[in-house]
Amino acid sequence: MTSYEADDGPRIIALWGMPRSRSTAFFRMMAERGDFHVLHEPFSNLAEFGSLQVGDRTVAEEGELLAVIRELAQSKPVFFKDTTDERYPALLADEAFLGRDATHTFLIRHPAQTIASYHALNPEVRLHQIGGEAQFEIFRAVAARSARPPVVIDSDDLVADAPGLVAAYCAAVGIPFLPDALNWRPGARSEWQRTSRWHAEASSSAGFRATPGGHGTDPATDPELSSYLRHHLPFYEALRERRLVPAGPE
């Protein structure tokens, strides 16, 4: 695969995904490229567990994590993906990171699908953990500090036409499109150990694919989950209007 040195492109690329949006598969593709230092859910792991190992550094605060990401990017471009089931105050307060220091992108999924998938793994899921509102908050913060609209991609488009959408994504963020990275060997990665049960589908995958539905719960008919759906749907719809269209055949 072609090495990407980021001479003229971004040093830091972030992907902010709603939970259960195939963002781990996207991370797996970026790791397959081999030209980025990749970090898997550093902010959410820090929020959940209180500390995080990044290389030989133990990070215990969100501000420290932002500093470590900047340091890593000095030697090699960094890609990290994270989920928006939590809110990250230090990120939202760091205007430079939201603006010039990183390229922020967003992966959305219809909240009915996110809710059903999340509920199947955690029946105690709370409203904010669906992630649509927090994701939109980051999007607005980035958009206010960016010369160009942030890139938004839809999970359904990703499985319908992965080559076309990933090619469009790469062009939009200014990195080479590497078709070989769309396929990989199945298997778990060390970054997933703490939260392995959430990544079983990604561990068994070898590329982007649709997964069977039928999680046993219809959010539209469940009294509590339907309120989650009504709350997060407007945020999803607002971002979907801005989504990137897959690149057509040449």
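Notes on the structure follow. (Residues numbered from 1 in each chain as written. Predicted model: local features only at pLDDT ≥ 70, side-chain atom pairs only at ≥ 80, totals over all residues. Heavy atoms only, no water.)

1. Some words on the overall build of the protein chain
Stated precisely, the cut-off is as follows: We count a stretch as a helix when DSSP gives it H or I for four or more residues in a row; a strand needs E for two or more, and each element gets its number in order from the N terminus. For each residue, the accessible area found with a 1.4 Å probe, counting protein chains only, is set against the maximum for its type, and the residue is called buried under 20%, exposed over 50%, and partly exposed in between. Whether two residues are in contact is decided by their heavy atoms: any pair within 4.5 Å suffices. All accessible-area figures derive from a Shrake-Rupley calculation using a 1.4 Å probe, and residue coverage is judged against the displayed protein chains alone.
Counting its regular elements, the protein chain contains eleven helices and seven strands. Expressed as a percentage of the 250 residues in the protein chain, the buried residues total 51%. Taking contacts inside the protein chain between residues at least 6 apart in sequence as the whole, the part at least 24 apart equals 77%. Summing over all exposed atoms, the protein chain offers an accessible surface of approximately 11500 Å²; the carbon and sulfur share of this is 48%.

2. Considerations on helix α9 (residues 162-173)
Residues spaced three or four apart along an α-helix point in a common direction, a consequence of the helix completing one turn every 3.6 residues. Worth spelling out the cut-off: Expected helix span is computed as 1.5 Å times (number of residues minus one). Any pair of N or O atoms that falls within 3.5 Å is considered a polar contact. Within protein, one atom must be able to donate a hydrogen and the other to accept it, and sequence-neighbouring residues count only if both atoms are side-chain atoms.
Spanning twelve residues, α9 covers 16 Å between terminal C-alpha atoms, matching the ideal 16 Å at 1.5 Å per step. Of all twelve residues in α9, nine are buried, a share of seventy percent or more. When we look at burial in α9, the residues that qualify are A162, G164, L165, V166, A167, A168, Y169, C170 and V173. Here the buried face of α9 lies against β1 (12-17), α1 (23-33), β5 (78-83), β6 (103-108), β7 (151-154) and α8 (155-160). Where α9 begins, one side-chain oxygen reaches toward the backbone nitrogen of G164, 3.0 Å away; that side chain belongs to D161. Note on α9: the residue one or two positions beyond its end, G174, has a positive phi of about 85°.

3. Thoughts on the pattern of salt bridges
Note the threshold: By definition, a salt bridge exists where a carboxyl oxygen of Asp or Glu is found within 4 Å of a side-chain nitrogen of Lys or Arg.
A full pass over the atoms with the stated rule returns eleven salt bridges. Residue R145 pairs with E95 through a salt bridge whose shortest N-O separation is 3.6 Å. On the criterion of sequence distance, the pair formed by R145 in the loop between α7 (132-143) and β7 and E95 in helix α5 (residues 95-98) is long-range, its members being 50 residues apart. Looking at R145, the relative accessible area reads 33%, which means it is partly exposed. In this structure E95 comes out as exposed when scored by relative accessible area, which is 52%. What you see here is one network of salt bridges that share partners, running through R70, D94, R100 and D101.

4. Topic: the layout of surface pockets
As a reminder, the rule being used: Site definitions follow a grid-based scheme: protein atoms alone, a 1 Å grid, a 1.4 Å probe that fits but cannot get out for cavities, and for pockets an open set with protein on both sides within 12 Å along at least five of seven lines, plus lining residues having an atom within 4 Å of a point. Grid points are joined across faces, edges and corners, and a volume is the space filled by probe spheres set on the points. Residues are grouped as follows: nonpolar covers Ala, Val, Leu, Ile, Met, Phe, Trp, Tyr, Cys and Pro; charged covers Asp, Glu, Lys and Arg; every other residue, Gly included, is treated as polar.
One number sums up the size of the second largest pocket: a volume of about 380 Å³. Around the second largest pocket sit 20 residues that line it, and T103, H104, S146, R148 and P149 are the ones nearest its centre. When residues of the lining of the second largest pocket are traced back to their parent elements, those giving at least two are β6 and α9. Within the lining of the second largest pocket, the residues separate by chemical class into eleven nonpolar, four polar and five charged.

5. Observations concerning the packing of aromatic side chains
Inclusion rule: The criterion for an aromatic pair is that two Phe, Tyr or Trp rings (for Trp, the six-membered ring) have centres within 6.5 Å, with stacked assigned to planes under 30 degrees apart, edge-to-face to planes over 60 apart and tilted to the rest.
Going through the model one piece at a time under the given rule, you end up with eleven aromatic pairs. When the ring of W16 is compared with that of Y88, the centres are 6.0 Å apart and the planes differ by 35°; the resulting orientation is tilted. Residue W16 is found in strand β1, and its partner Y88 is found in the loop between β5 and α4 (89-93); the two are separated by 72 residues along the sequence. According to the relative accessible area criterion, Y88 is buried, its value standing at 2%. Here the aromatic cluster, defined as three or more aromatic residues joined through ring pairs, consists of W16, F43, F80, Y88 and F97.

6. Let's talk about α1
With respect to burial, α1 is a largely interior element, ten of its eleven residues being buried. Those residues of α1 that sit buried are S23, T24, A25, F26, F27, R28, M29, M30, A31 and R33. Where α1 terminates, the next one or two residues include G34, which has phi positive at roughly 85°.

7. Section: unusual backbone geometry
Positive phi is not limited to glycine here, since R20 has a value of about 60°. Relative to the assigned elements, R20 resides in the loop between β1 and α1. Phi is positive for E41, which is not a glycine, with a value near 50°.

8. Re empty space enclosed by the protein
All chains considered together, the criterion is met by one cavity of 30 Å³ or more. Only α4 and α7 provide two or more residues apiece to the lining of the largest cavity. No other element matches the three residues that α7 contributes to the lining of the largest cavity. Residues belonging to the lining of the largest cavity are distributed by class as follows: five nonpolar, no polar and three charged.

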